[in-house]
Amino acid sequence: MTSTALLTDHYELTMVQAALGSGTAHRRSVFELFARRLPEGRRYGVVAGVGRMLDALETFRFDQEALAMLGGVVNDETLEWLAAYRFSGDVWGYAEGDAYFPHSPLVIVEGTFAEAVVLETLLLSIYNHDSAIASAASRMTMAAGERPCIEMGSRRTHEEAAVASARAAYVAGFASTSNLMARRRYGVPTAGTSAHSFTLLHDDEADAFRAQVSSLGSGTTLLVDTYDVEDAVRLGVEIAGTGLGAVRLDSGDLGVLAMRVRKELDDLGATKTRIVVTSDLDEYAIAALAAAPVDGYGVGTQLVTGSGSPTCGFVYKLVAREDEDGRMMAVAKKSVDKISIGGRKYALRRMDEHGVAEIEEIGIGTPPVDDGNDRELLVELVRDGEVVGREPLDAARARHVAARAELPWSVQQMSKGEPVIPTTFVE
């Protein structure tokens, strides 16, 4: 099992070394991962990466290779501490697929200062990336409605980011991915047929279509915009029959083309052949195609780059610590524009009488009181160092559908706006 311990920053370990030297490393501490604000104009965010974080936490061990590399980076006392490192604290957090808002306490880590502080970069790198992808994906699947979205952005990002992106997109409602490692590692369904190169390989388009149909069956999806779209559609139906599964459009005015292709397919008797569109789609392009006869969307670059917001801006801050007398005290950063709010947090989503979310209420020190139809947001993820919150990916996927459905109707607007519900704090 590959160690994740070096997926961190140098200063995490120098802080541990200094804290060991001052005698403060073992003070009980509470860290919180949260966003001060949503990306500009976004009305909600989506939590993703929880399962990946739990996997990474279990392999956060400083093996001999890592310790050898750290010689000269930290002193011998710190190396000895790192060699024995095992997270023994507790982690609470928002469940994967849930919505979040400014100052939502997405992750709460309780342990000693030293054992919790070294997790900062690991947690932030996973949550900032995966939640950005899921937040973009959620807007896309909402714009698509009942029409499926396919994740196909692997060629537009880092190879490991591609796998994580496919997973996050699936959490937020994408039906499948083109990425085979995501299928192997996380069980995300995969789909794919052919690219323009396959058509160009053959002497003519008809030969390419015959080869694909012969190999994959008449239910395959034919790419029809390599040369002339109308000729390709006619050829596709001639070769595959009226049971042709789908045609894919990857260029041009997709809305106009889709209408022309739909009419041609229907005239040829291929009334059940679907039309899938690709080509640099984002949530706005998907929404603009709502009235077009489109049956599915393939999304790449805009999805894996967060559709303009490639990170969520999450931070990881110490919010409470043990004092010299062994009592827990709230602590907070006061820097201009970068304030944090001290104290251990508890989160509740208040609902109106119709089950629609009204407020993200954050209790400081004690939980807010549920008045009967509200929803507690923090779930136990790790207890005494042992993972207790792992769940199937389909559970996160179902949770996302439910969480998005309980938000006010304005969440469906693609235009920029304020968060759909406010965040309030209660002492």
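See above for the structure.
The model shown is predicted, which means the values in this text are computed figures rather than measured ones. (Residues numbered from 1 in each chain as written. Predicted model: local features only at pLDDT ≥ 70, side-chain atom pairs only at ≥ 80, totals over all residues. Heavy atoms only, no water.)

Asks: Please give an account of the overall build of the chain that cites residues and values.
Replies: In terms of regular secondary structure, the chain is built from 15 helices and 19 strands. Counting only C-alpha atoms and orienting by the principal axes, one finds that the chain spans roughly 85 × 55 × 35 Å. Put simply, the chain has 427 residues, and 53% of those count as buried. Long-range pairs, those at least 24 residues apart, make up 72% of the contacts in the chain with a sequence separation of at least 6. Charge separation in the chain, taken as the distance between the mean sites of 42 positive and 62 negative side-chain charges, equals 1 Å. (Helix = DSSP H or I, 4+ residues; strand = E, 2+ residues; numbered from the N terminus. Buried < 20%, exposed > 50% of the residue type's maximum accessible area, 1.4 Å probe, protein only. Contact = heavy atoms within 4.5 Å. Lys, Arg positive; Asp, Glu negative; His and termini not counted. Charge placed at Lys NZ, Arg CZ, Asp CG, Glu CD.)

Asks: Summarise the sheet that holds strand E15 (residues 357-364); cite the residues concerned and give the values.
Replies: If you walk across this open sheet you meet the four strands as E16-E14-E15-E19, and the pairing is mixed. Every other strand in the sheet has two partners, leaving strand E16 (375-376) and strand E19 (423-426) as the edge strands with one partner each. When strand E14 (residues 345-351) meets E15, the two strands line up antiparallel, connected through seven bridges. Residue pairing across strands places Tyr346 opposite Gly363, the latter belonging to E15. (Pairing = 2+ DSSP bridges.)

Asks: Give me the pattern of salt bridges: which residues, what numbers.
Replies: Opposite charge on two side chains allows them to pair when their charged atoms are near. This model, assessed by the stated rule, comprises 28 salt bridges. Close ionic contact of Arg344 with Glu110 constitutes a salt bridge, the shortest N to O distance being 3.3 Å. In this pair, Arg344 is assigned in the loop between strand E13 (328-330) and E14 and Glu110 in strand E5 (residues 107-112), connecting sequence segments 234 residues apart. On the accessibility criterion, Glu110 (21% relative accessible area) is partly exposed. For Arg350, the salt bridge identified is with Glu361, shortest N-O distance 2.9 Å. (Salt bridge = Lys/Arg side-chain N within 4 Å of Asp/Glu carboxyl O.)

Asks: So what's going on with the environment of Leu249? Which residues, and what values?
Replies: Mapped onto the elements of the fold, Leu249 is located in strand E9 (residues 246-249). For Leu249 and Asp225, which are 24 residues apart along the polypeptide, the C-alpha to C-alpha distance reads 6.0 Å. Discounting chain neighbours no more than four positions away, the residues touching Leu249 are Val224, Asp225, Val229, Leu254, Leu257, Ala258, Val261, Ile275, Val276, Val277 and Thr278.

Asks: Which residues make up helix H2 (residues 50-58), and what values do they have?
Replies: Each α-helix winds once per 3.6 residues, and so residues spaced three or four apart point in a common direction. A large share of H2 lies buried, amounting to seven of its nine residues. Three or more residues of H2 are buried, namely Val50, Gly51, Arg52, Met53, Leu54, Ala56 and Leu57. The elements touched by buried residues of H2 are strand E3 (90-94), helix H6 (120-144), helix H7 (159-171), helix H8 (180-186), strand E17 (378-383) and strand E18 (386-387).

Asks: So what's going on with the side chain of Arg404? Residues and values would help.
Replies: Within the secondary structure, Arg404 is located in helix H15 (residues 393-405). The buried charged residue Arg404 lacks any salt bridge partner; its closest oppositely charged side chain belongs to Glu146, at an N-O distance of 8.0 Å. Non-local contacts of Arg404, meaning those with residues more than four positions away in its chain, are made with Tyr44, Ser138, Thr141, Met142, Ala172 and Val411.

Asks: Pulling in residues and values, what's your account of the pairing of strand E1 (residues 28-35)?
Replies: E1 sits mainly inside the fold: seven of its eight residues count as buried. Of the pairings in the sheet, the one linking E1 to strand E12 (residues 314-322) comprises seven bridges and is antiparallel in character. Bridging across to E12, Val30 finds its partner in Ala320.

Asks: Describe the packing of H2 against H6, listing the residues and the values that go with them.
Replies: As a packed pair, H2 and H6 sit with axes 9 Å apart at the nearest point and diverge in direction by 160 degrees. Between H2 and H6, the interaxial angle falls into the category roughly antiparallel. Like other packed secondary-structure pairs, H2 and H6 cross with a definite hand, here right-handed. For the pair H2 and H6, contact is made by Val50, Arg52, Met53, Ala56 and Leu57 and by Leu122, Leu123, Ile126, Tyr127 and Asp130, respectively. In terms of residue class, the contact of H2 with H6 is built from eight nonpolar, no polar and two charged. (Axes fitted to C-alpha atoms, helices over the stretch in contact; angles between N-to-C directions. Parallel < 35°, antiparallel > 145°, perpendicular 65-115°, else oblique. Left-handed = near helix turned anticlockwise from the far one by under 90°. Nonpolar A, V, L, I, M, F, W, Y, C, P; charged D, E, K, R; others polar.)

Asks: I'd love a proper account of empty space enclosed by the protein, names of residues and values included.
Replies: Per the stated rule, a full pass over the model turns up one cavity of 30 Å³ or more. Looking at the largest cavity, its volume works out to about 40 Å³. Around the largest cavity, the lining residues are Glu32, Phe34, His103, Ile341, Lys345 and Phe425. Across the lining of the largest cavity, the residue classes break down as three nonpolar, one polar and two charged. (1 Å grid on protein atoms, 1.4 Å probe; cavity = no way out; pocket = protein on both sides within 12 Å on 5 of 7 lines; lining within 4 Å. Points joined across faces, edges and corners; volume = space filled by probe spheres on them.)

Asks: Tell me about the environment of Glu80, and name the residues and values.
Replies: Considering the arrangement of structural elements, one finds Glu80 in helix H4 (residues 76-83). We classify Glu80 as exposed; its relative accessible area is 61%. Along the chain, Glu80 and Leu67 lie 13 residues apart, while their C-alpha atoms are 9.0 Å from each other.

Asks: Which residues make up helix H10 (residues 205-216), and what are the values?
Replies: Given a rise of 1.5 Å per residue, 12 residues ought to cover 16 Å, and the 16 Å separating the end C-alpha atoms of H10 matches this to within 8%. Packing partners of the buried residues in H10 comprise helix H9 (196-201), strand E8 (221-223) and helix H11 (229-240). Phi turns positive, to about 95 degrees, at Gly217, one or two residues after H10. (Expected span 1.5 Å × (residues − 1).)

Asks: So what's going on with the side chain of Ser135? Which residues, and what values?
Replies: Considering the arrangement of structural elements, one finds Ser135 in helix H6. Those residues in contact with Ser135 that lie beyond four places of it in its chain are Arg42, Gly45, Val46 and Tyr100.

Asks: Now, about the sheet that holds E3: what can you tell me, with residues and values included?
Replies: Strand order in the open sheet made by the seven strands is E13-E12-E1-E5-E3-E17-E18, with antiparallel pairing throughout. Because the sheet does not close on itself, it has two edges, and the strands there are E13 and E18. Together, E3, E17 and E18 form the strand contacts of H2, whose direction differs from that of E17 by roughly 15 degrees. Here H6 sits on the sheet and contacts E1, E5 and E12; the angle it forms with E12, its principal contact strand, is near 140 degrees.

Asks: Hey, could you go over the packing of H10 against H11 for me, with residue numbers and the actual values?
Replies: One way to put it is that H10 packs onto H11 with a least axis distance of 10 Å and a crossing angle of 40 degrees. Considering the angle they form, H10 stands oblique to H11. Crossing handedness for the pair H10 and H11: right-handed. Of the residues in H11, those in contact with Glu205, Ala206, Phe209, Arg210 and Val213 of H10 are Ala232, Leu235, Gly236, Ile239 and Ala240. Here the contact of H10 with H11 is composed, by residue class, of seven nonpolar, one polar and two charged.

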